[in-house]
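Residues per chain are reported as follows:
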Amino acid sequence: MPPSFRSSGDVLADRRYEYASAAFDERDFEAAADLARQVLELAPRFAPAHALLGRALAELGSKGEAVEALCRALDLEPEDVLGVRLDLARLGALPADEAMSGGYVRALFDEYAPKFERHLTKSLAYCGPELIADGLRRACSRRVRDYRFGPTLDLGCGTGLMGQALDGLCASLVGVDLSPRMLEKAERTKLYESLHETDLVSFLKRCADAEADLVVAADVFVYMAALDDVFRETHRVLRREGLFAFTVQAHEGEGFVLGADARYAHGERYLRELADANAFTTVILEGVSTREDRGVPVPGFLAVMQR
């Protein structure tokens with residue numbers, strides 16, 4: 001849940017909500033639930049309190065009441081900036097592929113933007129863009145083509161880390177991201193010809209046929225379930241022999257799953273079947289880790305595919 005403070009409009013309710021949040025963080029879920037109910041007596045339409053109540057009840061094992069409270073939060077804020085769809089999916093009250101909304105991802109990364117690069121590179125040892133750049137170099141060698149690219153699309157560009165890894169290699173670079181604050185950071189790199197604030201599938205659908213030589217997506221698919229639309233539209237916008245390079249978190253089974261870390265993981269067979277179904281040649285598909293979680297490498301895949 002994005003942590004920014006929001007007011008209910010009632011000073012006393014706000015104070016109790018802060019106490020409820022603190023109790024939840026300290027894993028005193030009974031106190032958190034009791035305080036959240038007190039907040040709702042004062043401000044019955046305060047969605048964050050409904051969400052907090054639902055999460056506390058879920059921890060206490062009261063699934064039915066938890067789902068009711070979470071659904072109330074979602075009714076009050078359908079864009080789901082609070083991310084309650086994730087909680088509902090974990091409770092089995094919502095399909096896994098409906099767990100993550102654009103509103104949640106936008107709010108999450110707007111909040112994350114000021115500390116994004118420092119946290120990723122220092123705390124999580126993030127190296128997704130570097131892995132993609134190296135994968136592209138090796139793929140170009142295998143396909144006997146220059147390690148340089150024409151028009152390039154950076155899907156989920158964030159603050160521009162992928163653009164920096166490709167600096168000097170692309171004739172032009174266009175970025176797309178849901179978060180306006182992330183895009184502000186990307187703009188400061190001066191690497192992008194244009195930046196677009198929208199979801200990546202909608203962006204791709206507006207692109208012309210065969211307009212790109214390279215499409216990259218560094219760790220953005222962890223916030224997407226099914227990738228069918230992305231593969232189809234990417235194939236359409238790529239030129240003949242254009243490349244599609246991306247990273248995902250790894251899943252050993254079929255299809256995709258929503259992990260406990262609130263990210264989607266995709267299976268190798270799923271990715272290969274999507275490639276085949278969309279007439280991509282898989283040049284590279286190998287196990288990697290783009291980041292760490294509490295010092296432990298998170299399993300993933302690096303893929304480079306050719307139209």
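Let me begin by describing the structure that accompanies this report.

Cut-offs applied
Residues numbered from 1 in each chain as written. Predicted model: local features only at pLDDT ≥ 70, side-chain atom pairs only at ≥ 80, totals over all residues. Heavy atoms only, no water. Core = buried A, V, L, I, M, F, W, Y, C linked by side-chain atoms within 4.5 Å. Buried < 20%, exposed > 50% of the residue type's maximum accessible area, 1.4 Å probe, protein only. Helix = DSSP H or I, 4+ residues; strand = E, 2+ residues; numbered from the N terminus. Contact = heavy atoms within 4.5 Å. Expected span 1.5 Å × (residues − 1). Polar contact = N/O pair within 3.5 Å; in protein donor to acceptor, adjacent residues only side chain to side chain. Salt bridge = Lys/Arg side-chain N within 4 Å of Asp/Glu carboxyl O.

## Quick notes on the nonpolar core
L53 and V84 are the most contacted members of the largest nonpolar core, which totals 33 residues. Where this core is concerned, the elements lending two or more residues are α1 (11–25), α2 (29–42), α3 (47–59), α4 (63–76) and α5 (84–90). Apart from the residues lying within four places of it in its own chain, the contact partners of V84 are A51, R55, L70, A73 and L74. Counting 32 residues, the second largest nonpolar core, distinct from the first, contains V215, F221, L271 and A303.

## Describing α4
A rise of 1.5 Å per residue sets the reference length of α4, with its 14 residues, at 20 Å; its end C-alpha atoms lie 20 Å apart and thus fit the reference within 8%. Those residues of α4 that fall on the buried side of the exposure criterion are A66, V67, A69, L70, A73, L74 and L76. Structurally, α4 contributes buried residues whose contacts are with α3 and α5.

## Quick notes on the environment of D134
Counting through the fold element by element, D134 comes out in helix α8 (residues 128–142). Here the side chain of D134 touches R137 through a polar contact of 2.5 Å, side chain to side chain.

## Some points on the pattern of salt bridges
Opposite charge on two side chains permits them to pair, given that their charged atoms come into close proximity. Applying the stated criterion to the full structure yields 14 salt bridges. Of the charged contacts, one joins E254 and R269 as a salt bridge, the two residues approaching to 3.4 Å between their closest N and O atoms. One end of the pair, E254, is in the loop between β5 (238–251) and β6 (256–258); the other, R269, is in helix α13 (residues 268–277), with 15 residues separating them in the sequence. The network of salt bridges with shared partners includes D209, D229, R232, E233 and R236.

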